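The chain contents come next:
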Amino acid sequence: MPDAGPADSVRSAFRDQAKACEQLGSPFTARLCRLAAEHLNEKTAVGRRVLTWPGDPSANVDALALRLFGSLHALVLLNRDEVLAGCYSPNHTDDAMLWAACEGALARHADFILQRLRSAPQTNEVRRSGALLPGFLAITGLLRKGLVLSEIGASAGLNLYWDRYRYAHPDGAWGDETADVVIAPEWRGETPKLGSVEIVERAGCDLNPLNPADEDDRLRLLSYIWADQLDRLDRTRKALDIAASEGRPVERADAIDWLKVRLALRFPGAVHVIYHSIAWQYLPATAQREGEALISAAGAAASGEAPLARLQMEGDGQTPGAALSLQIWPGGERHLIGRADYHGRWVTWQGWPASA
């Protein structure tokens, strides 16, 4: 049986992306993916480019479906295509009308879409702060020190300012009572213990950081949020406003180069927390190994006066959701402390082992 050609691989990737969108609560984007898998052709320059994609179109590599529909969503957000906007969520149309609007947009805005197809999707899901929060609370509760934050893959920095948001919690609210950004995940498992947190310093890096005060960068981030998830769009806009008000953009840097610099610093009297959420998995394997070695070496040099912690929210091949794990040095043993939905809709909390 002959190997599948590029077009077959693309259509398969779009169908797989549709399943993922359904699972993550976006039936509209799932519908778009299925329509493209069925009907996209080479009559337009965009169709030819997509169906002859030279790389890996799958969600875990080039994320081609998200590139395409992020481009169309950007046109809607910019009010550049009334026909397309009229068929987009929250409006309701049948499949024939929706796909006709998409095909028309592919033809009318080919240059815009082809340009955006060159860049990988970029997201900064602020609800992941709700999954990371109990980890930060656990570190503070265990070590009774202020936190120095170092986020890898920080994008626009929305999860750098997690203490500026308001959280709904089984035992009450936590965070800034006046915050416009409210994060209310479904809590499962144990109940995280609440407590006060002191942030001593914060910094983040990204290969392609987005400036929350820049209109083009804001559009880029918002366009990759699925159009029928209006609550995510609203929450992200408000979080961008908070990050913009801080005036401290994320540093443009390679993660490993940046780690070398950050881990060489000393913060006596505080806990240096290296953290990342759905970012480490995108580093090349060689970079991952180098990063692990850097963090382990810094951990070996940590002390009770200047401890090091690593908080992760990353896919681990298990289901459901992503794994939440925490390491604290001296010691450095890695503990699974919970799991969370990739978009932060729910958090299952296990907590730091009592015997650790």
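Look up: the structure comes first, before these words.
Residues numbered from 1 in each chain as written. Predicted model: local features only at pLDDT ≥ 70, side-chain atom pairs only at ≥ 80, totals over all residues. Heavy atoms only, no water.

1. Considerations on the layout of surface pockets
In this structure, the second largest pocket encloses a volume near 420 Å³. Along the wall of the second largest pocket there are 18 residues; nearest its centre are Leu137, Ala138, Gly141, Pro192 and Lys193. It is helix H8 (residues 128-143) that provides the largest number of residues to the lining of the second largest pocket, a total of six residues. Split by residue class, the lining of the second largest pocket holds eight nonpolar, seven polar and three charged. (1 Å grid on protein atoms, 1.4 Å probe; cavity = no way out; pocket = protein on both sides within 12 Å on 5 of 7 lines; lining within 4 Å. Points joined across faces, edges and corners; volume = space filled by probe spheres on them. Helix = DSSP H or I, 4+ residues; strand = E, 2+ residues; numbered from the N terminus. Nonpolar A, V, L, I, M, F, W, Y, C, P; charged D, E, K, R; others polar.)

2. Thoughts on the packing of helix H9 (residues 215-223) against helix H10 (residues 230-246)
The description of two helices packed together rests on the angle between their axes and the distance between the axes. Orientation of H9 relative to H10, taken along the N-to-C sense of each, is 150 degrees, at an axis distance of 10 Å. Taken together, the axes of H9 and H10 lie roughly antiparallel to each other. Relative to H10, the crossing made by H9 is right-handed. The residues of H10 that touch H9, namely those facing Arg218, Leu221 and Leu222, are Leu233, Thr236, Arg237, Leu240 and Asp241. Across the contact of H9 with H10, the residue classes break down as four nonpolar, one polar and three charged. (Axes fitted to C-alpha atoms, helices over the stretch in contact; angles between N-to-C directions. Parallel < 35°, antiparallel > 145°, perpendicular 65-115°, else oblique. Left-handed = near helix turned anticlockwise from the far one by under 90°. Contact = heavy atoms within 4.5 Å.)

3. Observations concerning the sheet that holds strand S3 (residues 172-175)
One open sheet holds the three strands; their spatial order is S3-S2-S4, and the pairing between them is mixed. Two strands in the sheet have a free side with no partner beyond their single neighbour: S3 and strand S4 (182-183). When strand S2 (residues 166-169) meets S3, the two strands line up antiparallel, connected through four bridges. Looking at the pairing, Tyr167 lines up with Trp174 of S3. (Pairing = 2+ DSSP bridges.)

4. Comments concerning the sheet that holds strand S8 (residues 270-277)
Hydrogen bonds between backbone groups are what pair the strands of a sheet, and the pairing can be parallel or antiparallel. Taken together, nine strands build an open sheet; the order of strands is S5-S12-S11-S10-S9-S8-S1-S6-S7 and the sheet is mixed. On the outer flanks of this sheet lie strand S5 (186-189) and strand S7 (251-252), each paired with one strand and no other. Across two bridges, the pairing between strand S6 (residues 199-206) and S7 is parallel. Looking at the pairing, Cys205 lines up with Glu251 of S7. Against the sheet, helix H11 (residues 255-264) engages strand S1 (146-152), S6, S7, S8 and strand S9 (308-314), with an angle of about 160 degrees to S1. Across the face of the sheet, helix H12 (residues 285-300) comes into contact with S8, S9 and strand S10 (322-329) while running at roughly 150 degrees to S9.

5. Structural notes on helix H1 (residues 6-23)
Because the α-helix completes a turn every 3.6 residues, residues three or four places apart line up on one side. Helix length check: H1 (18 residues) gives 26 Å between terminal C-alpha atoms against 26 Å at 1.5 Å per residue, within 8%. Those residues of H1 that fall on the buried side of the exposure criterion are Val10, Arg11, Ala13, Phe14, Gln17, Ala18 and Cys21. Along the axis of H1, the buried positions cluster into a sector of 160 degrees, meaning they face one direction only. Along H1, the residues that are exposed and aim more than 90 degrees away from the buried face are Lys19 and Gln23. Where the residues of H1 are buried, they touch helix H2 (27-39), helix H3 (45-51) and helix H4 (64-77). (Expected span 1.5 Å × (residues − 1). Buried < 20%, exposed > 50% of the residue type's maximum accessible area, 1.4 Å probe, protein only. Arc of directions from axis to C-beta.)

6. Regarding the packing of aromatic side chains
A ring pair, where both rings are aromatic, is described by two values, the distance of the centres and the angle of the planes. Tallied over the full model, the rule gives six aromatic pairs. Centre to centre, the rings of Phe14 and Phe69 are 6.1 Å apart; their planes meet at 70 degrees, and the pair counts as edge-to-face. Taken together, the residues span a long stretch of sequence, with Phe14 in helix H1 and Phe69 in helix H4 at a distance of 55 residues. Relative to Tyr275, the ring of Phe136 lies with its centre 5.0 Å away and its plane at 90 degrees, an arrangement referred to as edge-to-face. Of this pair, Phe136 sits in helix H8 while Tyr275 sits in strand S8; the two residues are 139 residues apart in sequence, bridging distant segments of the chain. (Phe/Tyr/Trp six-rings, centres within 6.5 Å; stacked < 30°, edge-to-face > 60°.)

7. Here's the deal with the side chain of Arg232
Secondary-structure assignment places Arg232 in helix H10. Among the polar contacts listed, one links the side chain of Arg232 to the side chain of Gln229, at a separation of 2.6 Å. Setting aside residues no more than four positions away along its own chain, Arg232 makes contact with Glu125, Arg127, Ile225, Trp226 and His343. (Polar contact = N/O pair within 3.5 Å; in protein donor to acceptor, adjacent residues only side chain to side chain.)

8. Structural notes on the packing of H1 against H2
The geometry of H1 relative to H2 is characterised by a closest axis approach of 8 Å and an angle of 165 degrees between their N-to-C directions. As summarised for this structure, H1 and H2 are arranged roughly antiparallel, according to the angle between their axes. Crossing geometry of H1 relative to H2 is assigned as left-handed. Residues Arg11, Phe14, Arg15, Gln17, Ala18, Lys19, Cys21 and Glu22 of H1 pack against Pro27, Thr29, Ala30, Cys33, Arg34, Ala36, Ala37, Glu38 and His39 of H2.

9. Things to note about the pattern of salt bridges
Using the criterion set out here, one finds 18 salt bridges in the structure. A salt bridge links Arg202 to Asp163; its shortest N-O distance comes to 2.7 Å. Note that Arg202 is positioned in strand S6 and Asp163 in the loop between S1 and S2, a separation of 39 residues in sequence. For Arg202, a relative accessible area of 16% corresponds to the buried category. Here Arg248 makes a salt bridge to Glu246, at a shortest N to O gap of 3.0 Å. Taking the relative accessible area as the measure of exposure, Glu246 reaches 23% and is therefore partly exposed. Taken together, the shared-partner salt bridges in this structure form one network comprising Glu125, Arg127, Asp231, Arg232 and Arg235. (Salt bridge = Lys/Arg side-chain N within 4 Å of Asp/Glu carboxyl O.)

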